[in-house]
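Here are the chains, one letter per residue:
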Amino acid sequence: MAEQKCSADDMELSNLSTKLESDLDIKDRKYLFKTYPSCFIGSEAITYMVDNNMCKSREDGILIGKRLLAANIIQHVTNDHDFLDDKKFYEFLPGDNGGSSFRLIYYGFGGRAEALRLTASLGGISFEDEYITQQQQAKEKSDGKRRWSGPPEIVVLCKKGNDLQRIGQSNACLRYIGDIAGLYPQNRLRRALVDEVLDSSEDLAGSIVMGAIYGSYKDDEEKKQKFVSLLKDDGTVSYWLNKFEFRLEENEKKGNKNGLFVGDDITIADLKAYFALGYTHGQLPGAKDVMVKYKRITNFLDVIGNNEAIKAAKQKYEKNFASFKENADTKIFKYGGKCVYGVL
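Draft legend 1. Broad picture of the packing of helix α4 (residues 114-122) against helix α6 (residues 170-181). α6 packs onto α4 with a crossing angle of 5° between their chain directions and a minimal axis gap of 9 Å. Relative to α6, α4 is oriented roughly parallel. In this structure, α4 contributes A115, L116, T119 and A120 to the contact, and α6 contributes S170, C173, L174, I177, G178 and A181. Residues of the contact of α4 with α6, tallied by class, amount to seven nonpolar, three polar and no charged.

Next up, the structure:
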């Protein structure tokens, strides 16, 4: 079925939203003993648009409302519903006004936080990047301040800009950011395929970190042999590299030609795999020579690494990493974009 087009296609959403925000009855409203501040009613917005010739019908008005939702201009007050022609409450979200959607807590380098930062940047989502030191992490973990174990963590901000909820575990953080940034598919099956890649990326990275780099060895030769064993045809890392190669081939056989893991558009699966495969390539001795034979993985790393938006974002991060290294007192860096505040 062809996508329906509404009569507001020629009207800038920003101009439309400005008019709606100015003229709609926006006020605090109560439902089930809870007050929702500064919101409007969906059906009243549609009535206003029809009466003022912004759309031809109520069905048309619903489509406009859905476009405003998709553009992160408005949201349902609890983020539970699409735009509907009924009594549900909606609120306008701040635009590029300096507010942040969340605060990311991690060290002053890429690591497991790279996929989180890139997801927000590619999705045009505002966020704060707070750097901590290894010493600070050790103390805060000892003091019980980590939600689970180590960073990354994100602190989701509410509409007032205050801390709303802290989230731990890198994949949980990535799914949240991917959802608000539009890089985590809405289709359930595609989400499951994305989740496969996220979890397998952790398995691959973990097999190197815990299985080799931070292992206990009696001498350098024993450590070297451990690296060699991981990369043998029946080794743990080779096992995972084969799986990633197969998943890329599988996606290609479905008719997708951009060399990605799920579909033809970049998702959080690609950004997470880029970290895990790049980490393998760069940190595991001997991996570069072995990974050459994986043609699809090699192409994938090239596709993501040469993406102009990704390169531009990473240049900004690197500049801030250097600033933090030079002066650790400056530890919070802000990135502009659309504010998508959290709601519990």
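Draft legend 2. Fine view of the sheet that holds strand β5 (residues 102-106). Taken together, the five strands give an open sheet; going across it, the order is β8-β7-β5-β6-β9, and neighbouring strands pair in mixed fashion. What marks the edges here is a single partner per strand, and that holds for β8 (163-167) and β9 (332-335). Pairwise comparison of adjacent strand axes, ignoring direction, gives a mean angle of 20° for this sheet. As defined by bridge partners, strand β7 (residues 153-157) adjoins β8 across four bridges and the pair is classed as antiparallel. Its bridge partner being in β8, L157 is matched across the sheet by D163. Against the sheet, α4 makes contact with β5, β6 (127-131) and β7, and its axis sits at roughly 160° relative to β6, the strand it touches most. Packed on one face of the sheet, α6 meets β5, β7 and β8 and runs near 40° to β7.

Draft legend 3. Quick look at the packing of aromatic side chains. Summed over all chains, the structure comprises 17 aromatic pairs. Consider the rings of Y36 and F89, whose centres lie 6.0 Å apart with planes at 65°: the pair is edge-to-face. With a gap of 53 residues between them, Y36 in strand β2 (residues 34-41) and F89 in strand β4 (residues 89-92) connect regions that are remote in the sequence. Residue Y36 shares its accessibility class with F89, and that shared class is buried. A centroid spacing of 5.0 Å and a plane angle of 55° characterise the contact between Y106 and Y107, whose relative ring orientation is tilted. Relative accessible area serves as the criterion here: at 12%, Y107 is assigned to the buried category. Taken together, the ring pairs connect F40, F83, Y90 and F92 into an aromatic cluster.

Parameters and conventions
- Residues numbered from 1 in each chain as written.
- Predicted model: local features only at pLDDT ≥ 70, side-chain atom pairs only at ≥ 80, totals over all residues.
- Heavy atoms only, no water.
- Axes fitted to C-alpha atoms, helices over the stretch in contact; angles between N-to-C directions.
- Helix = DSSP H or I, 4+ residues; strand = E, 2+ residues; numbered from the N terminus.
- Parallel < 35°, antiparallel > 145°, perpendicular 65-115°, else oblique.
- Contact = heavy atoms within 4.5 Å.
- Nonpolar A, V, L, I, M, F, W, Y, C, P; charged D, E, K, R; others polar.
- Pairing = 2+ DSSP bridges.
- Phe/Tyr/Trp six-rings, centres within 6.5 Å; stacked < 30°, edge-to-face > 60°.
- Buried < 20%, exposed > 50% of the residue type's maximum accessible area, 1.4 Å probe, protein only.

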